[in-house]
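Architecture at a glance
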Amino acid sequence: MKNSVEEMSRASSPSPLTSNKHNNKIGDRRSLEEEYSNCSFLVSRFIIFPLKYMFTEIIKSSGRQPKHVSFIMDGNRRFAKNKKMKIEKSHDMGFLTMCKILNLLYDCDVKTVTVFAFSIENFSRSEKEVLDLMRLAKKRLLQLVTNTDMCSKFGVKVKVVGDISLLDEDLKEMCYFLESETQGNDKCLLNVCFPYTGRWELFNSMKLAITDFKNGEINDITSDTISEYIYNHGKRAEGSIDWAKKGPLDLLVRTSGVKRLSDYQLWQVSSDCSIDYDESKGYQNTIKFEILKLLWPELTIFRIIWMLLNFCFEQSKK
Amino acid sequence: MNSTKEFKVDIKTENGDSNSLSVSSRSNTPVSDLDDGNKESVCEVKNLNDSNGFKNLADEHLSAAFTSPRVTSLTRDRPPENLRPDIGAAVPSFSNMSYIAKNTISKKTKKSTNSICEDSFDYETDVDGTRKISRYIFLEIHRILRAIFDVILKCILAFFYCFFAILRFFEYNYNSMKLKFYSLIYNPSNSPQLIRSDVSSLSKIPKILAAIVDYKSEEEVGGGVLGLMENSSDIVAWSLSAGIKHLYLYDHDGLLKNDVGLLRRIIYNNLRKYFGPAKVPKFAVRIPHTNQIFYNLPPTPISLEYVEKADKKISIEVILLSKVDGRETIVDLTKSMAELCKQGLLDEKDITQDLVDKELRKLVGEEPDLLLYFGPNLDLQGFPPWHIRLTELFWEHDNNDVSYTVFIRGLKEYAGSKVNVGK
């Protein structure tokens, strides 16, 4: 079954990287913005931009902004159903929302952002659906590949978290390309959870810890060790940056009003107060859950700004 | 702390001596290093003391549970680790507004003087003296403007904080009003028939329910360990009436586990109150961490013969969890597997996700369908991470009681939700 999927997906687009070179319209964020923005140039230039600048400066000056924000992007398909548009279009809009939000968050000095793009459970659908999903995933990754200008602007290191071995060759190649392109950046981190489940992540880091223990690289396994493996994507802290110390999870946002984790960041969410004691903040790190009734493409940056200000306010009371 | 002070003093005098002898050897770094090390060691000692104290406390409780459960055994010497600030202090009010404003404005940021222009203009390359000065003045002006801008930002921030404080005040009152209103609708009644009639309209009920209960300080109503146990026994009675067979009770510090005898007695009394003394349902209390199961009431000299015969058909299984069942269990499992691997008893290829899943099921239990949190803001407090994969989470904002309202509303929410894995 898998072979046929690969063949068909290959037939649909010859190679993602070559099509990238031919300036494919699919991935260009600016063209997307032009296509989907419903406010005029003047409004965006003279009202939205200054407002956004002011709010980001305010949030930065508070010094209480979250360090690690994580999103479950839910509701793309329901949005398409409600608006009676094609699913691909709503996915494009969802991607655009994600880009805008990422820009805003990195402007506000958030160190790590994690987005849930694709679950391993999604492979359990019918063959045709999986094929469609893979095509979509390819398109989305292509969008990310072509929009690396954002990464270089903020110094974002992109990391694809998940079981890459489940993907076909093209997608693997794209993942590696994306990672190698942004490897030098070390200011911020973007985790793209692509074929991912929380249990897989936890199991993977457990297994790597076991291997390292067997080879004598570590002497003891504590919960800090596993945290380190999870936050550094299955490796111990590389070089100068230990992402586990730079930002344990602070804020988890889920759209479309479902109060469930859906196998996402299980280890990080159930943080024990005594373990995640944050010295720089001087109090115990607790995770704030934000469950929004909106669908993902409906989410605007001002909703996020409101959320961040509220977060700062709640932190300031501690 | 005394030891550190002494140590410091010693070092200082030593340093002073060395200074008087030779001026050249003025080194501050080793002193600070030593100081740090000492601090660390002190901390460790403190931690050890803490854990010992806790162990002693647990031993006391256990021994009390086995000999004769008295209420006096529950007087606690020190509060548990996870003592939450009581809701009274967190209730928003208008009086702390000025404090918020002062606090936000007076708090210093790190990069207040760092201007953007510094990076773009490097005036050292310029040779001309006059232009250099003008540029310097320009930079100074920019810096001053930036400082003014920062002050303005702080003012706006303070304004926003005040705004949020007001909003929070109204939100809190609205939420508590809403809860009171709901509690009028779902009139808390001590009869299982009414609960069953509430539940019977729901399309599905969770097979396994989990509840996180908080320890409250003893001054509050329903506080202390006794209050915690009474609340838990209420949850047991409700879920039994609703037809739920398995119930996880999670408290962070494992206070429920410490005195199982008392908990069983309280649950028994509460069930007798609900179902009548003639037909008290059978229940079992299980502690996965120590792998113990207790059926019904603890044995007393009179009822000893009944306990031996007691049939193990039960209506509800209560499973007590705490912090140790969460991350610690996973770490212990990893450690034991790693040691087995090192000794060559377990092949690395045999470690699969299914194996880990199976082991964790054995060590903790099945995945709950619904998790209720009886607190103001969802805080999982280290609930077993492997087991909340598809669990529906439910909590009421600004609620601080273990109330029937939260329970029934949680069940309703669960009945309305639909799980489609991966779709």
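Residues numbered from 1 in each chain as written. Chains lettered and ligands numbered in written order. Predicted model: local features only at pLDDT ≥ 70, side-chain atom pairs only at ≥ 80, totals over all residues.

1. Some details on the nonpolar core
Residues and elements named next belong to chain B. Ala211, Leu247, Leu249, Val318 and Leu372 are the most contacted members of the largest nonpolar core, which has 145 residues in total. At nine residues, helix α8 (residues 224-242) tops the list of elements feeding residues into this core. Counting only domains with at least three residues in this core, you end up with domain 2 (87-182) and domain 3 (202-326 + 364-416). If near-sequence neighbours (up to four positions away) are discounted, leucine 372 is found in contact with Ala211, Phe394, Val406, Phe407 and Gly410. (Core = buried A, V, L, I, M, F, W, Y, C linked by C-beta atoms within 7 Å. Buried ≥ 20, exposed ≤ 12 C-beta atoms within 10 Å, placed from the backbone. Helix = DSSP H or I, 4+ residues; strand = E, 2+ residues; numbered from the N terminus. Domains from an automatic or database assignment. Contact = placed C-beta atoms within 7 Å.)

2. Quick word on helix α11 (residues 223-231) of chain A
Residue and element names in this part refer to chain A. For α11, the buried fraction is high: eight of the nine residues fall into the buried class. Residues Ser223, Thr225, Ile226, Ser227, Glu228, Tyr229, Ile230 and Tyr231 constitute the buried set of α11. Looking one or two residues beyond α11, the residue adopting positive phi is histidine 233, at roughly 60 degrees.

3. As for the interface of chain A and chain B
In this complex, chain A contributes 46 residues to the contact, which on the side of chain B involves 46 residues. It is helix α10 (residues 198-214) of chain A that contributes the most residues to the side of chain A that touches chain B, 12 residues altogether. Looking at side-chain class alone, the side of chain A that touches chain B contains 19 nonpolar, 17 polar and 10 charged residues. (Nonpolar A, V, L, I, M, F, W, Y, C, P; charged D, E, K, R; others polar.)

4. Here's the deal with the sheet that holds strand β6 (residues 370-373) of chain B
Residue and element names in this part refer to chain B. Ordered by their spatial adjacency, seven strands build an open sheet running β4-β3-β5-β2-β1-β6-β7, and the pairing between neighbours is mixed. Edge positions in the sheet fall to β4 (292-295) and β7 (392-395), since each of these pairs with one other strand and no more. Neighbour-to-neighbour, the strand axes of this sheet turn through a mean angle of 20 degrees, independent of strand direction. The sheet contact formed by strand β1 (residues 208-212) and β6 spans four bridges and is parallel. Paired with leucine 209 across the two strands is leucine 370, which belongs to β6. (Pairing = 2+ DSSP bridges. Axes fitted to C-alpha atoms, helices over the stretch in contact; angles between N-to-C directions.)

5. So, the confidence of the model for chain A
Residues and elements named next belong to chain A. Of all residues in chain A, 81% have pLDDT values of 70 or greater, and the mean over the chain is 78. Highest mean pLDDT in chain A belongs to strand β1 (residues 68-72) (92); lowest belongs to helix α2 (residues 16-21) (43). Predicted confidence for residues 274-283 stays below pLDDT 50, and this span has 11 contacts to residues more than four positions away or in other chains. (pLDDT = per-residue confidence, 0-100.)

6. A word on unusual backbone geometry
Residues and elements named next belong to chain A. One non-glycine residue with positive phi stands out, namely aspartate 109, at about 70 degrees. In this fold, aspartate 109 is placed in the loop between α6 (87-107) and β2 (112-116). In this structure aspartate 109 comes out as partly exposed when scored by C-beta crowding, with 16 C-beta atoms within 10 Å. The phi dihedral of aspartate 263 falls on the positive side, at around 60 degrees, and the residue is not glycine. Within the fold, aspartate 263 resides in the loop between β5 (251-254) and α13 (266-269). Residue aspartate 263 is classed as buried on the basis of its C-beta count, with 21 C-beta atoms lying within 10 Å.

7. Overview of the packing of α8(B) against helix α10 (residues 260-275) of chain B
Axis angle and axis distance: for two packed helices, these are the angle between their axes and the distance between the axes, and together they describe the pair. All names here are of chain B. Viewed as axis vectors pointing N to C, α8 and α10 meet at an angle of 50 degrees, and their least axial separation amounts to 9 Å. By the angle between their axes, α8 is oblique relative to α10. Crossing handedness for the pair α8 and α10: right-handed. Of the residues in α10, those in contact with Met229, Glu230, Ser233, Asp234, Val236, Ala237 and Ser241 of α8 are Leu262, Leu263, Ile266, Ile267, Asn270, Leu271 and Tyr274. Considered class by class, the residues forming the contact of α8 with α10 number nine nonpolar, three polar and two charged. (Parallel < 35°, antiparallel > 145°, perpendicular 65-115°, else oblique. Left-handed = near helix turned anticlockwise from the far one by under 90°.)

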